[in-house]
Amino acid sequence: VGMQGASEFTMSGVLQSFNFTPRLNEIDVPVLLASGRFDTMRPSIVKTMQDQIKYVERKLLPHSGHLSMIDDAGLLNDVVADFLGRVEMAQ
């Protein structure tokens, strides 16, 4: 609780003023942004990250919330395996 605050929806801990968004464009490796349709991280936030990262792929998992590895485990595993396979082939 000390880092984030009392709630995941309102930052009030030591991370309250932490914002790495302006530096996302410095990432120069492929990135997979996977989010759930019912995730508490709003699509606009994921889109902001997507727009800032050079080599990015975005996947929306239709049956999951914030815990895609549980809610959509098989699909997430397939998405990650496909992404990593393509990244490794490109090297």
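Here the structure is a predicted model, which means the values were calculated and not measured.

S.K.: Go over the nonpolar core, please, and point to the residues and values.
M.R.: Counting residues in hydrophobic clusters, the biggest one holds five residues: Leu24, Val31, Leu33, Val46 and Ile53. Not counting chain neighbours up to four residues away, the residues in contact with leucine 24 comprise Met49, Gln52 and Ile53.

S.K.: Before we move on, could you go through the environment of alanine 34 and cite the residues and values that matter?
M.R.: Relative to the helices and strands, alanine 34 resides in strand S1 (residues 31–36). Put simply, alanine 34 and valine 79 are 45 residues apart on the chain and 8.5 Å apart in space, counted from C-alpha to C-alpha. Beyond its immediate stretch of four places on either side in the chain, alanine 34 contacts Lys59, Leu61 and Leu76.

S.K.: Hey, could you go over the pairing of S1 for me, with residue numbers and the actual values?
M.R.: Of the pairings in the sheet, the one linking S1 to strand S2 (residues 56–61) comprises six bridges and is parallel in character. Note on S2: the bridge partner recorded for glycine 36 is leucine 61. Between S1 and its parallel partner S2, the chain crosses via helix H1 (residues 43–52), and the hand of that crossover is right-handed.

Criteria and thresholds
- Residues numbered from 1 in each chain as written.
- Predicted model: local features only at pLDDT ≥ 70, side-chain atom pairs only at ≥ 80, totals over all residues.
- Heavy atoms only, no water.
- Core = buried A, V, L, I, M, F, W, Y, C linked by side-chain atoms within 4.5 Å.
- Buried < 20%, exposed > 50% of the residue type's maximum accessible area, 1.4 Å probe, protein only.
- Contact = heavy atoms within 4.5 Å.
- Helix = DSSP H or I, 4+ residues; strand = E, 2+ residues; numbered from the N terminus.
- Pairing = 2+ DSSP bridges.
- Right-handed = clockwise from strand over helix to strand, strands pointing away.

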